[in-house]
Amino acid sequence: KSFIVLFLATVIVVVSVRPGLACGPAELLPVFDSTRTPEYPYTDFAAGNLGIVSPKYPRIVLFAAYRYLGGGTFSSFEREKLVEAWMEYFDRQSASDDKVLQAVKDWIAERASVVGDEETPPDIYLEKPYEGFDFFPNCSRNAFEVAKETLSDRASRYGTDDKWVREWINGQDTVFRNCADSRRLPNPANSSMPEWLQKDRAYQTAAAEFYSLNYEKAKDAFSKIANDPDSPWQQVSEYLVPRTLVRQASLGKYKSKSSIIYSEAEQSLENIYAGSGDYSEDANRLLGLIKFRVHPEQRVQELAQNLSFYGGDTLKQDLIDYTWLLDKFESRALEAEEKKREKEQNENPSSNSNVNTFGSEAAEAANLAIREAVERATEASEAAAQKQQDEQALKDQGYLKIDFYDETYTSSWTIWLRQDASDEEAYAEAEKVAGPLTDAMKERVRYGRQSAYQSLFLDRGDEYEGGYWGDIERSVDLLPPFLVANDLTDWLFTFQIQGDAAYLHALDKFRQTNSDIWLITALSKAESGSRDIGQLMENAKGIGRTSPAFPTAAFHRARILTELGKIGEARALIDEVLDGSPEMPLSARNELQAMRMNLSATLDEFLKYSLRKPFAFEWATDFLSVDDMIAKQKSYYDPEYYTETREEYEQSVDDEYAYAKQIQSELMFDQDSIEIINNYFPLSVMVEAQASPVLPEYLRGRFALVIWTRAALLGNSGVADRFAPEVLKYHPEMESEVREYMNAATAAQKDHAALFAILKHGRTTPYIASGFGMPSEGITYSSNWWCETSEEVWDEDKQEMVPLDLTKRPVFLSAAQTATAKDEMAALRKLGDAPGYLARKALDWAAKNPRDPRVPEALYLAFKANDWDKYGCGGDNDMRIKIQQTLERMYPSSTWAQQTREEQ
């Protein structure tokens, strides 16, 4: 009974993961803060435990914050629907997908209980690996549920062996074929049939016409049933008449008269809704769709009013419609402003043109080249626009666009088909442009037709008109007055917009309403020099700990105190909030700790607040626990595609994630703290950090290895010698190589021993890693080392890389320590990425100490290191060739030379 589904292809939003110094993130990433989404799995946020509400949340999420911040709440049903909507928005996990599949399976099972094993079921009921059933884009879940219930009733009344029950099944099979192929009707009713089957057959025929896109015939057939008081399908058919009209109006080929069709459907639905019958609520939902399409300005105001206080059964769809309409009107306003500014610029061209339009021949030639480039670009743009216009015209006439290609992927073709075309007609049309089709090409044509046909029914992508991508910045004064007349809509836009105008608007709204919601909105936009900031801060103190607004208010109070230079007050406030708010979401605690970390007066303080607990783990676009990740990986096992047994496969998954499972509950470093440690901490401070009682034991081993590696690379033998035993303590697998280093007598011998140890163990790196640590510790990839580091860091607010600012060093670091860290980082950057550095060092070792028995293996390992390109480093084939030539020339009979031959 659901007729509107969320268009998910327009936006994919995930929690931001910032790039780090160490080479590449692991597959499984711990997530600490939630500046762009509420904390996964969203249930806490839906229940009012909001944490720190971010203006970067989409409006579909901020709506719930508005309700809670304004003193409202949601029922358990409504909270469930909120989470469903967010899962679809963020994770593309539609709550209805599994239910549709299950409804199909339930219908097939019910059908089999009647027909047994006597016959082979139609192809549409055969489930295929990784494809599911033959597609049913035109049939809703409800269609299969009704079919199952009806068959169960008819079989129990008349018996499973009754021939008319079998005929009923034949008719229903034909109906469902129309969900895929179109243009099939059940055998017509006749006087030999019992009356019950004649009534059912009339409904089956009307449904078949509907699924075949024959809407005029379907409407007439449903109308006749609606006027038959003896039909068990009378009430539903009365509702299906306007539903047919809505479907008819929504398809392209009826576009020219869609307003007339919608008007007829709207009147019919209003009558059904007013009648308070069994389908009254269904009619109301369908009325909402019509209003969305035909009366968007009226609908957005109506939804804003309803959603401000109510929800109920339609909450989820109303919220989706509401936020889509907000996106639509916002995009229109921004596009209009963009065109206005372009017009003004064209009418008043800048006198500061970069092009010299007078004078030299070179300038004239440049002008000519620019004009020709503009003409070419204009022609290409016009051609593309014309092509788009021509294609839209075909779509409006009811044609589907099908793209397919040959088996070698060297040739591709496009054909256009009627919406009601069959697979056979599609093959015939394809052969006109591509010649005889192979079986594989036929399958591609069939898939293309199914996908295009499916797109007519499974989403409302053509209705989403948001997503402005231009350069005009959002502002409240650009929005049409009707849009911000409602407090909810006004707040949703204002909360997301930055700048003085938004601050002053929020401040004025707070003065008018004296509400917490407008108080924290003004506070979130305030700066140390903002008007009336003192009074605003005083008002914010009155927000109690039990208020949903408390974490947001506390966060921004601390932020402003910091900007005002009141560091002591800011520290005290954050500590008080962290110590006194045990129920605060982990993401909010982590954000407050990040702020507190930047105010640290000592190294121990810094470490204390830099260590945080993740609230979820990211894998691809999923957010889950490590145990959930393991279960998900194990669910992929299929004996048809794996040579190993299920037990062997599951054990391999357990082994892969053993380290992640072991430390998933530990405190970890987030990327912001890692950037400070790696960029600002000299070796001496890293040594202090490794010995700090604040550092968890499992991190001491990671620090020990990084300190030893960094010291060895920088030629600091004092620190390297001191930490070699620490490396042995935590990394016994490195004992042989580290012992060689410890026993080396000269600086050159130590250099070669360190090089060999680094080559042998890919986890060695001079940089601390965030989260789980190095991928070679059980997450993914077998080699790691390091890439050349950047002198830029990630700016979360700007969402871009910015130059490293050494003036932002932690206050507990002295100027001398900062200068030392800068020199050390410069020296490390000079080494370049690990694959290149290791290769150069191995070749130099071979040249200077050709008789050292470790050299051939070192060359081979450097050869291997340059075989991969990890996030832009390594993959130097010229270096591989040079190493191989050296092995062939100097050690041709060695095992390592033989291995390079095999691998090359």
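Preceding this section is the structure that the text describes.
The rules behind these values
- Residues numbered from 1 in each chain as written.
- Predicted model: local features only at pLDDT ≥ 70, side-chain atom pairs only at ≥ 80, totals over all residues.
- Heavy atoms only, no water.
- Helix = DSSP H or I, 4+ residues; strand = E, 2+ residues; numbered from the N terminus.
- Areas by Shrake-Rupley, 256 points an atom, 1.4 Å probe, with all protein chains shown as cover.
- Expected span 1.5 Å × (residues − 1).
- Bend = angle between axes of the 7 residues up to and from the residue.
- Buried < 20%, exposed > 50% of the residue type's maximum accessible area, 1.4 Å probe, protein only.
- 1 Å grid on protein atoms, 1.4 Å probe; cavity = no way out; pocket = protein on both sides within 12 Å on 5 of 7 lines; lining within 4 Å.
- Points joined across faces, edges and corners; volume = space filled by probe spheres on them.
- Nonpolar A, V, L, I, M, F, W, Y, C, P; charged D, E, K, R; others polar.
- Core = buried A, V, L, I, M, F, W, Y, C linked by side-chain atoms within 4.5 Å.
- Contact = heavy atoms within 4.5 Å.
- Axes fitted to C-alpha atoms, helices over the stretch in contact; angles between N-to-C directions.
- Parallel < 35°, antiparallel > 145°, perpendicular 65-115°, else oblique.
- Left-handed = near helix turned anticlockwise from the far one by under 90°.
- Phe/Tyr/Trp six-rings, centres within 6.5 Å; stacked < 30°, edge-to-face > 60°.
- Lys NZ or Arg CZ within 6 Å of the ring centre and 35° of its normal.
- Disulfide = S-S within 2.5 Å.
- Salt bridge = Lys/Arg side-chain N within 4 Å of Asp/Glu carboxyl O.
- Patch = residues over 30% accessible without salt bridge, like charges linked within 9 Å, V, L, I, M, F, W, Y side chains within 5 Å.
- Lys, Arg positive; Asp, Glu negative; His and termini not counted.
- Charge placed at Lys NZ, Arg CZ, Asp CG, Glu CD.

I keep staring at the overall build of the chain and nothing clicks. Help me out?
Secondary structure assignment for the chain yields 38 helices and eleven strands. A total of about 42500 Å² of accessible surface is found on the chain, and carbon and sulfur atoms cover 48% of it.

Would you mind showing me how to read helix H9 (residues 234-250) here?
Compared with an ideal rise of 1.5 Å per residue, which puts 17 residues at 24 Å, H9 spans 25 Å between its outermost C-alpha atoms and is within 8% of the ideal. Its axis deflected by about 25° at Leu240, H9 carries its strongest bend there, up to four residues before the proline Pro242. The element H9 is extensively covered by neighbouring structure, given that 13 of its 17 residues are classed as buried.

Please clarify how empty space enclosed by the protein should be interpreted in this entry.
If a probe as big as a water molecule is rolled over the atoms, it shows which places are left empty. Inspection of the entire model under this criterion finds three cavities of 30 Å³ or more. In this structure, the largest cavity occupies an estimated 70 Å³ of space. Lining the largest cavity, in full, are Ser34, Pro38, Glu39, Asp44, Phe45, Asn49, Leu50, Gly51, Ile52, Tyr57, Pro585 and Ser587. Within the lining of the largest cavity, the residues separate by chemical class into six nonpolar, four polar and two charged. Roughly 50 Å³ of volume is contained in the second largest cavity. Together, Ala712, Leu713, Asp751, Ala754, Leu755, Ile758, Tyr837 and Lys841 line the second largest cavity. Elements supplying a minimum of two residues to the lining of the second largest cavity: helix H30 (697-714), helix H33 (747-760) and helix H35 (834-848). When residues of the lining of the second largest cavity are assigned to their parent elements, the largest contribution, four residues, is made by H33. Taken together, the residues that form the lining of the second largest cavity break down as six nonpolar, no polar and two charged.

Whenever I open this one, the nonpolar core confuses me. Can you help?
Side chains that are nonpolar tend, in soluble globular proteins, to be buried together. In terms of nonpolar packing, the biggest core is built from 181 residues, with Trp86, Trp491, Phe669, Phe681 and Trp708 touching the most fellow members. Residue contributions to this core peak at eleven residues, all from H30. The residues touching Trp491, leaving out its near neighbours within four places in the chain, are Leu62, Ala65, Tyr66, Leu69, Ile517, Trp518 and Thr521. Membership of the second largest hydrophobic core comes to 68 residues, among which are Trp107, Leu151, Phe222 and Ala249.

Explain the packing of helix H18 (residues 500-513) against helix H20 (residues 533-541) here, please?
Each packed pair of helices is defined by two parameters, the angle between the axes and the distance between the axes. It is the contact of H18 with H20, at a shortest axis distance of 13 Å, that shows an interaxial angle of 55°. When the interaxial angle is binned, H18 and H20 end up oblique. For the crossing formed where H18 meets H20, the hand is left-handed. Of the residues in H20, those touching H18 at Tyr503, Leu507 and Phe510 are Ile533, Leu536 and Asn539. Here the contact of H18 with H20 is built from residues that sort into five nonpolar, one polar and no charged.

What's the story with the packing of aromatic side chains in this structure? I'm lost.
The way to describe two aromatic rings as a pair is by their centre distance and the angle between their planes. What the rule picks out here adds up to 36 aromatic pairs. With centroids separated by 5.2 Å and ring planes inclined at 90°, the aromatic side chains of Phe329 and Phe482 adopt a geometry described as edge-to-face. Residue Phe329 is found in helix H13 (residues 315-347), and its partner Phe482 is found in the loop between helix H16 (439-454) and helix H17 (487-496); the two are separated by 153 residues along the sequence. Here Phe606 and Phe681 contribute two aromatic rings whose centre-to-centre distance is 5.4 Å and whose plane-to-plane angle is 55°, an arrangement assigned as tilted. Here the residue Phe606 occupies a position in helix H24 (residues 603-610), and Phe681 occupies one in the loop between helix H28 (671-680) and helix H29 (683-691), the gap between them amounting to 75 residues. The exposure classification of Phe606 matches that of Phe681, with both residues buried. Among the aromatic side chains, those forming a connected cluster through ring pairs are Tyr40, Tyr42, Phe45, Tyr57, Trp86, Tyr89 and Phe90. Sitting above the plane of the Tyr427 ring, Lys442 keeps its charged end 5.6 Å from the centroid. Above the plane of the ring of Tyr409 lies Arg444, whose end atom (NZ or CZ) is 5.5 Å from the centre.

Help me out: how do you make sense of the packing of H30 against H33 in this one?
Across the interface, H30 lies against H33 with an axial gap of 10 Å and an inter-helix angle of 135°. As judged from the angle between their axes, H30 and H33 are oblique. Read as a crossing pair, H30 and H33 show a hand that is left-handed. The residues of H33 that touch H30, namely those facing Trp708, Thr709, Ala712 and Leu713, are Ala754, Ala757 and Ile758. Broken down by class, the residue content of the contact of H30 with H33 amounts to six nonpolar, one polar and no charged.

Which parts of the structure should I look at to understand the state of the cysteines?
When the sulfur atoms of two cysteines share a covalent bond, that bond is a disulfide. Applying the stated criterion across every chain yields a total of one disulfide. Note that Cys139 is cross-linked by a disulfide to Cys179, the S-S spacing being 1.6 Å. Between Cys139 and Cys179 the sulfur-sulfur dihedral comes to about -45°; the bridge is accordingly left-handed. With Cys139 in the loop between helix H4 (95-115) and helix H5 (141-158) and Cys179 in the loop between helix H6 (163-177) and helix H7 (195-211), this residue pair connects regions lying 40 residues apart in the sequence. Looking at Cys139, the relative accessible area reads 6%, which means it is buried.

Got a minute to help me understand the pattern of salt bridges in this structure?
Two side chains that carry opposite charge are able to pair once their charged atoms sit near each other. Inspection of the entire model under this criterion finds 51 salt bridges. Residues Asp423 and Arg449 are paired through a salt bridge, measuring 2.7 Å at the closest nitrogen-oxygen approach. Taken together, the positions of Asp423 in helix H15 (residues 423-434) and Arg449 in helix H16 put the pair 26 residues apart, joining distant regions of the chain. Take Asp423: its relative accessible area is 8%, and that puts it in the buried class. Arg449 sits in the buried class, given a relative accessible area of 1%. Between Lys509 and Asp490 there is a salt bridge, with its nearest N and O atoms 3.6 Å apart. With Lys509 in helix H18 and Asp490 in helix H17, this pair connects stretches of sequence that are 19 residues apart.

Teacher, can you tell me more about the environment of Gly470 here?
Counting through the fold element by element, Gly470 comes out in the loop between H16 and H17. With relative accessibility at 32%, the residue Gly470 sits in the partly exposed group. Considering only alpha carbons, one finds Gly470 and Ser331, 139 residues apart in sequence, at a separation of 9.4 Å.

Looking at this structure, I do not really get a negative patch on the surface. What am I missing?
Taken together, the side chains of Glu372, Glu375, Glu379 and Glu382 present a region of like negative charge at the surface. As for its placement among the helices and strands, Glu379 is situated in helix H14 (residues 361-396). Owing to a relative accessible area of 52%, Glu379 belongs among the exposed residues under this scheme.

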